[in-house]
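# Descriptive structure summary
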Amino acid sequence: KQWYQRRVAITAGKCKRDKYDFWGADLTRLSNIGSLKECAGKCDNVDRCVSVTYAPASKYCWLKKRVEGLRGGYNANVQSINIACASGYGDKLNDNDICVLKEYDYEGADIRKLSGVSDIQSCLANCAKEPGCKSVAFVPARKDCWLKYKLYGASPENFEKCKRDKYDFWGADLTRLSNIGSLKECAGKCENVDRCVSVTYAPASKYCWLKKRVEGLRGGYNANVQSINIACASGYGSNLSSQDICVLKNYDYEGADIKKVSGIPNIHSCLQSCTKEPKCKSVAYVPSRKDCWLKYRIYGASPKDKAGVESANLFCFADKNKSQNQDKCVRKKFDFWGADVERFVNVGSLWDCYGKCRGRDNCVSVTYVAAAKHCYTKFKVEGDRPQSKDSCESVNVACLSGI
């Protein structure tokens, strides 16, 4: 196989568009950027970024997922450039080109496959025309060209780590697709749909729901579906803090308040306050007032869009960080005695027990008795009186979250 990753190598001549705006198709806006060249350099490390528009007076830099935004047009206050042009992709490549990696696969992060492509140069030319394309994988023997939305593809272990079996990202639907063959195919559909950040898939019906929120409006157990959020599956976690994935901006977990805490500097500190408060599962934070609202329900009572509010729940962070934290957080032969919310019977494992906690008001930890298959959900992080007990194992969401 041969692979190529486009690199920014800006020339001020043919590629820079003075007084021209690549309007729309924004991924994000950056502040305090010193030049168009610096702006374009930021694009290189952002998935699906293929062009930029820069405003010298304000020093704003807009990263774009389409080559000329949604529509290009005159604007005396900005400059624009597309990375495909700036990279010089059309230059003749040869077998010794340092940018072509032989016997190496940028696996995953596929946009689509093109067949009958003659060589890697033609493959790259197709990438330059495809919204969101940043790299390619080419198979000369089959003349297959795979267009990618990440610079180096996405490692398959990310997908398995992030897949949520028997879990539904309910609500926040953009659309429902039919006849989709797998969760991976469903997730692939998300990449080319504006605002799509997660999916839920039903294998039996082959329905695929594309979502505009990381966990839909509310997540919960559903034996018939699988879900995944694209930020996690794409490996964003290596470039962004977990806060970026789990924090919903301009969204309010309204209601289900425990109390308000004032003078909190940021949402991370708000979440830390939540981990110390009995029954707290989520927060809503108002940066302009530095108010932190602690909640006893995972999504509040009436979650909804609301400008100027940020919301997050501990379970999202726990799901993301579970694999790295579970060894230290699972307390073998240990009982979080007391502070019970509810007892469940015939529960198959500690993690099934933990799943019961997610949807229960006030629940922040569990104790599981394997021999009896009993699950005790708790409203305090370590119950009323934590103690050693051979028949039990316990875990709390605050520890798993890593907050």
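Rules used throughout
- Residues numbered from 1 in each chain as written.
- Predicted model: local features only at pLDDT ≥ 70, side-chain atom pairs only at ≥ 80, totals over all residues.
- Heavy atoms only, no water.
- pLDDT = per-residue confidence, 0-100.
- Contact = heavy atoms within 4.5 Å.
- Helix = DSSP H or I, 4+ residues; strand = E, 2+ residues; numbered from the N terminus.
- Buried < 20%, exposed > 50% of the residue type's maximum accessible area, 1.4 Å probe, protein only.
- Pairing = 2+ DSSP bridges.
- Axes fitted to C-alpha atoms, helices over the stretch in contact; angles between N-to-C directions.
- Disulfide = S-S within 2.5 Å.
- Phe/Tyr/Trp six-rings, centres within 6.5 Å; stacked < 30°, edge-to-face > 60°.
- Salt bridge = Lys/Arg side-chain N within 4 Å of Asp/Glu carboxyl O.

On to the confidence of the model for the protein chain. Mean pLDDT for the protein chain: 81, with 84% of residues reaching 70 or above. Note on residues 1-12: pLDDT under 50 across the span, and 67 contacts to partners over four residues away in sequence or across chains. Note that residues 89-98 has pLDDT below 50 and, in this model, 15 contacts with residues that lie over four places away or in other chains.

Okay, unusual backbone geometry next. Phi angles above zero are rare outside glycine, and asparagine 32 is one such case at about 60°. As for its placement among the helices and strands, asparagine 32 is situated in the loop between strand 3 (26-30) and helix 1 (36-43). On the basis of relative accessibility, which here comes to 66%, the residue asparagine 32 falls in the exposed class. If you check the backbone angles, alanine 172 has positive phi at about 60° while not being a glycine. Among the structural elements, alanine 172 can be located in the loop between strand 11 (164-170) and strand 12 (173-177). Since its relative accessible area comes to 9%, alanine 172 is described here as buried.

Strands sit in the order 16-20-18-19-17 across an open sheet of 5 strands; the sheet is antiparallel. Edge strands, defined here as strands with exactly one partner in the open sheet, are strand 16 (248-254) and strand 17 (257-261). Each adjacent strand pair in this sheet contributes to an overall mean axis angle of 35°, direction not counted. Where strand 18 (residues 282-286) and strand 20 (residues 302-313) come together, 4 bridges link them in antiparallel fashion. The residue bridging alanine 284 from the neighbouring strand is serine 311, located in strand 20. Packed on one face of the sheet, helix 8 (residues 267-275) meets strand 18, strand 19 (291-295) and strand 20 and runs near 145° to strand 18.

Across all of its chains, the model carries 9 disulfides by this definition. The disulfide partner of cysteine 123 is cysteine 145, and the S-S distance across this bridge is 2.0 Å. Negative torsions about the S-S bond denote left-handed disulfides, and the value of about 85° found for cysteine 123 with cysteine 145 makes this one right-handed. Placement of cysteine 123 in helix 3 (residues 120-129) and of cysteine 145 in strand 10 (residues 144-148) is noted, with a sequence separation of 22 residues between them. The same class applies to cysteine 123 and to cysteine 145, which are both buried.

This structure, assessed with the given rule, holds 9 aromatic pairs. Between the aromatic rings of tyrosine 251 and tyrosine 253, the centroid separation amounts to 6.2 Å while the plane-to-plane angle is 85°, which identifies the pairing as edge-to-face. For the ring pair tyrosine 253 and tyrosine 299, a centre distance of 5.7 Å and an interplane angle of 85° mean the geometry is edge-to-face. Within this pair, whereas tyrosine 253 is found in strand 16, its partner tyrosine 299 is found in the loop between strand 19 and strand 20, the two being separated by 46 residues in sequence. Each of the two residues, tyrosine 253 as well as tyrosine 299, counts as buried. Aromatic ring contacts, followed pair by pair, group Tyr251, Tyr253 and Tyr299 into a single cluster.

Enumeration over the complete set of coordinates arrives at 14 salt bridges. A salt bridge links glutamate 277 to lysine 259, with the shortest nitrogen-to-oxygen separation between them at 3.4 Å. With glutamate 277 in the loop between helix 8 and strand 18 and lysine 259 in strand 17, this residue pair connects regions lying 18 residues apart in the sequence. Judged by its relative accessible area of 39%, lysine 259 is partly exposed. Among the ionic pairs, arginine 331 bridges to glutamate 382, the shortest N-O distance being 3.1 Å. Placement of arginine 331 in strand 21 (residues 331-337) and of glutamate 382 in the loop between strand 24 (374-378) and strand 25 (385-396) is noted, with a sequence separation of 51 residues between them. In this structure arginine 331 comes out as partly exposed when scored by relative accessible area, which is 28%. Residues joined by salt bridges that share partners form a network here, namely Lys260, Arg289 and Asp291.

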